[in-house]
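Chains, contacts and geometry: an overview
In case you want the letters, here they are:
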Amino acid sequence: MSAHLPVPDDPAVRSPFADSASASVNGGRSGAPSLENTTDGLDAPATPYGNPFSPPGTPGRDSYIGAATPSASRPLLPDDSLRRESGVPLTAGAATGAAAFNEKADPVAGAPAKRKRLFLWLGLGAAALVVVVLAVILPVYFTVIKKHNSSSSGGSSGSKSGAGGSASNPESPTGAVTGGDGTTITMSDGTSFTYTNQFGGFWVDDPTDPFNNSARAQSFTPALNEPWDYSTDQIRGVNLGGWLVLEPFIVPALFEKYQNVTPSPALPGGLVVDEWSLSVAMLNDTSEGGGIEQIEKHYATFITEQDFAQIAGAGLNWIRLPMPYWAIETWPGEPFLENAAWKYVLLAFQWARKYGLRIYLELHTVPGSQNGYNHSGRLGPINFLNGFMGIANAQRTMDYVRYIAEFISQKEYQDVVPMFGIINEPLLGIIGRDQLTRFYLQAHDMIRDITGIGNGAYIVIHDGFQSTGSWKDFLPGSDRIILDTHPYVAFGGDFNHPLSYWPQVGCVAYNTNQSQTDFGITLSGEFSGAINDCGKWVRNIGSTPSATDCDQWDDWQNWTQDMKTGIKNFIMSQMDGMHLPGYFFWTWKVGNSSVTGKVEAPFWSYQLGLENGWVPIDPREALGLCTSLNFPANVPWNGTYQPWQTGGSGAGTIAATALASFSQYPPPEISNVSGENPDQLPMFTATSAVPTLPTPTFSAATVTGGDGWADAQDTSLAAVQIAGCVYPNAWGPQPGSTAAVCGGATAAPAQARAEATPAPVAATTTAA
């Protein structure tokens, strides 16, 4: 989540990609974090976004040229005007886009279009083999399977078998391997719950076939083993924010414990404001109940299997899963809890498969921070493709993108993880459009070398807090790239409106139809019910909301029915305005404060709203709301994507003008490096063994899965520091203290030496 207001489609905005000769770097914003700051400040980046329908003169963005300006008064939609029994199907007109129920044929994967990658740091070589055995988690045992030199064990990809089966399931009291509304689920800790799904969904959990993909979240949602049509099937999703990437306003209790810590060199001022400083405080806490292990306890309890069952039962069919890079590894000096989160990513895959939910997996944090916000891991300056360590941090990031892509591109996971967001919310205004586009091109080519054209997950990029119209003609001919936008009004400062005002924002300002035409698939990866910035720590720890009526909005237990109806109408207006291809609410759950014992940011919890009446019981209730309020879509969409945008004809053949403009890498210019040549900036060398992500094994399975690595031909090594080089602080070196050292001139010979030396064979570790 970040401070981002809706930037509506604007056909008048000139695309920087339309003319390759004129592609330019988008300059930095006043007040946003910069490496030139002389201190590693704790203030979040300034957010120059304002309400799109604010009165003239209201501070904020002015990127709504040509957009309609609805009137500021509309009657509230009565709370029961769209209510119907949850299980009753919509009429044919309202259900436009509902999926067909028959299983469809699998798409034929195209042959990969290989193009020489321009990673300066990448070389060829056999990776060292690391085998690690992890502890038992639920019914799944996680192990590292020998990579590269191990032969693939074949087995079932998402099984196309029916929902039934003869195997006995110990997690079902009756031994059943499938069930619907009213069945009992027993979790690994022995506790049970009743699966409630009034939408015709059913779960499938066959211990002998753990990759069975026949579960269906709802009767109107395609089963996992059926293709998803982005032009007709509607994504109704929710984020699992605050689970694997900690944010103070989502999990306040973890941060409240450490608001009065003793200052130290590692915690100047004793301030705990993000996961970095929280990890430091926990590591320093040697008291009973202290230690960084508290974070894994949070992983194990904040989101459980029951949440996935409830999400399907709420009529939702997708999950957006933020994961941190430290789920893979950390480097010396980084305090984050290393490796632990990956176990829960695997559990998310398992539970999503069981309940028929699809996952949009996204890398929420990167080394050095891509936006300076607390949810990037560390509040402060941006050091991804910006500043002296910008290139080196991008090298590490590309490695992590590669490892994740290799894992989810295995046939066992393609049906469960159809989308992969490679970087969450990079702040384009600081990094630069040219630099970010070059990185995206490199990532696209690398991922499609792994998957082949037309195969594997869609690649998702964020709009960088720019108008979606500015992404028109982005890398034409690329293979299946989705644009993700995160519209919020909670941070604009213009909150003095009646509740009846807000549905027009959701219906008109949040509509992405023009981008659907100009870019291709454009979805809303985050939105919320917030009409202001109320809520504890929504604006960061230590920041005060600018709204003046937070006492009543924070006191959600005493909201009137009109207040609940008003927020519900705002949420449903967004759902309707963004219904194709779809949306993801931020977020599913907000934890209780340890001080008050209740949720202190109620606008942001889908679960809380569902339980208390300001979130619709059936998300399909939202369909048609905007038309009924006379707020139709500002731009119609014809319902058709170009073939290459969905992996069809022309996919993988990027326009020559785009290649000429953006193929050079590293970028020829990097901001905040005192004029240094990017080729001479600090870099790493690709000479280290690759850490393969652990795969699950299932004790009763009669089929086997992959080894964690989809492309056996990908034998490139991992980036590491060059021996003998002293690197500046990757998270914010002081300006003037950094010389151009260990750059391209040093990295190339080191890599050449590594390529000429046979890679060592790693020892195999077995379970005790």
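Up top is the structure these notes are about.
Residues numbered from 1 in each chain as written. Predicted model: local features only at pLDDT ≥ 70, side-chain atom pairs only at ≥ 80, totals over all residues. Heavy atoms only, no water.

As a further point, take the sheet that holds strand β14 (residues 582–585). Spatial ordering of the closed barrel is given by β7-β8-β9-β10-β11-β12-β13-β14, a layout of eight strands whose pairing is parallel. The sheet shows a mean angle of 25° between the axes of neighbouring strands, direction not considered. Two strands pair when backbone bridges link them, and strand β10 (residues 419–421) and strand β11 (residues 458–462) are joined in this way by three bridges, in the parallel orientation. In the strand pairing of β11, G421 is matched with V460. Strand contacts of helix α5 (residues 340–355): β8 (318–323) and β9 (358–363), with the helix running at about 160° to β9, the strand carrying the most contacts. (Pairing = 2+ DSSP bridges. Helix = DSSP H or I, 4+ residues; strand = E, 2+ residues; numbered from the N terminus. Axes fitted to C-alpha atoms, helices over the stretch in contact; angles between N-to-C directions. Contact = heavy atoms within 4.5 Å.)

Moving on, we get to helix α2 (residues 275–284). Most of α2 sits inside the fold, with eight of its 10 residues counted as buried. Listed as buried for α2 are E275, W276, S277, L278, S279, V280, A281 and M282. Buried residues in α2 make contact with α1 (252–256) and α3 (293–302). Sitting at the amino-terminal end of α2 is D274, which places a side-chain oxygen 3.3 Å from the backbone nitrogen of W276. (Buried < 20%, exposed > 50% of the residue type's maximum accessible area, 1.4 Å probe, protein only. Polar contact = N/O pair within 3.5 Å; in protein donor to acceptor, adjacent residues only side chain to side chain.)

Between α2 and α3, whose axes approach to 9 Å, the crossing angle comes to 120°. The angle between α2 and α3 falls in the class oblique. Taking contact as the criterion, the partners of E275, S279 and M282 in α2 are, on α3, Q294, I295 and Y299. Classifying every residue of the contact of α2 with α3 by side-chain character gives three nonpolar, two polar and one charged. (Parallel < 35°, antiparallel > 145°, perpendicular 65-115°, else oblique. Nonpolar A, V, L, I, M, F, W, Y, C, P; charged D, E, K, R; others polar.)

For any two helices packed against each other, one specifies the inter-axial angle together with the distance between the axes. Where helix α6 (residues 390–408) meets helix α8 (residues 433–451), the axes come as close as 10 Å, and the angle between the chain directions of the two elements is 30°. One way to sum up the angle between α6 and α8 is to call them roughly parallel. Every pair of crossing elements has a handedness; the one defined by α6 and α8 is right-handed. Of the residues in α8, those touching α6 at A394, T397, M398, V401, R402, A405 and E406 are F439, Q442, A443, M446, I447 and I450. In terms of residue class, the contact of α6 with α8 is made up of nine nonpolar, two polar and two charged. (Left-handed = near helix turned anticlockwise from the far one by under 90°.)

What follows concerns the packing of aromatic side chains. Taken as a whole, this structure holds 51 aromatic pairs when the rule is applied. Taken together, a centroid distance of 5.7 Å and an interplanar angle of 90° make the contact between F211 and F698 edge-to-face. Highlighted residues: F211 in the loop between β6 (203–204) and β7 (235–239) and F698 in strand β16 (residues 695–698), separated in sequence by 487 residues. Here the two residues F211 and F698 agree in accessibility, since each one is buried. A centroid spacing of 5.5 Å and a plane angle of 85° characterise the contact between F527 and Y583, whose relative ring orientation is edge-to-face. Of this pair, F527 sits in strand β13 (residues 522–527) while Y583 is found in strand β14, placing the two residues 56 residues apart along the sequence. Both residues of the pair, F527 and Y583, belong to the buried class. Aromatic rings pair up to connect W276, Y325, W326, F336, Y400, Y403, W709 and W731 into one cluster. The ring of W331 is capped by R396, whose NZ or CZ atom sits 4.2 Å from the centre of that ring. (Phe/Tyr/Trp six-rings, centres within 6.5 Å; stacked < 30°, edge-to-face > 60°. Lys NZ or Arg CZ within 6 Å of the ring centre and 35° of its normal.)

The values reported here are purely geometric and, on their own, carry no functional implication.
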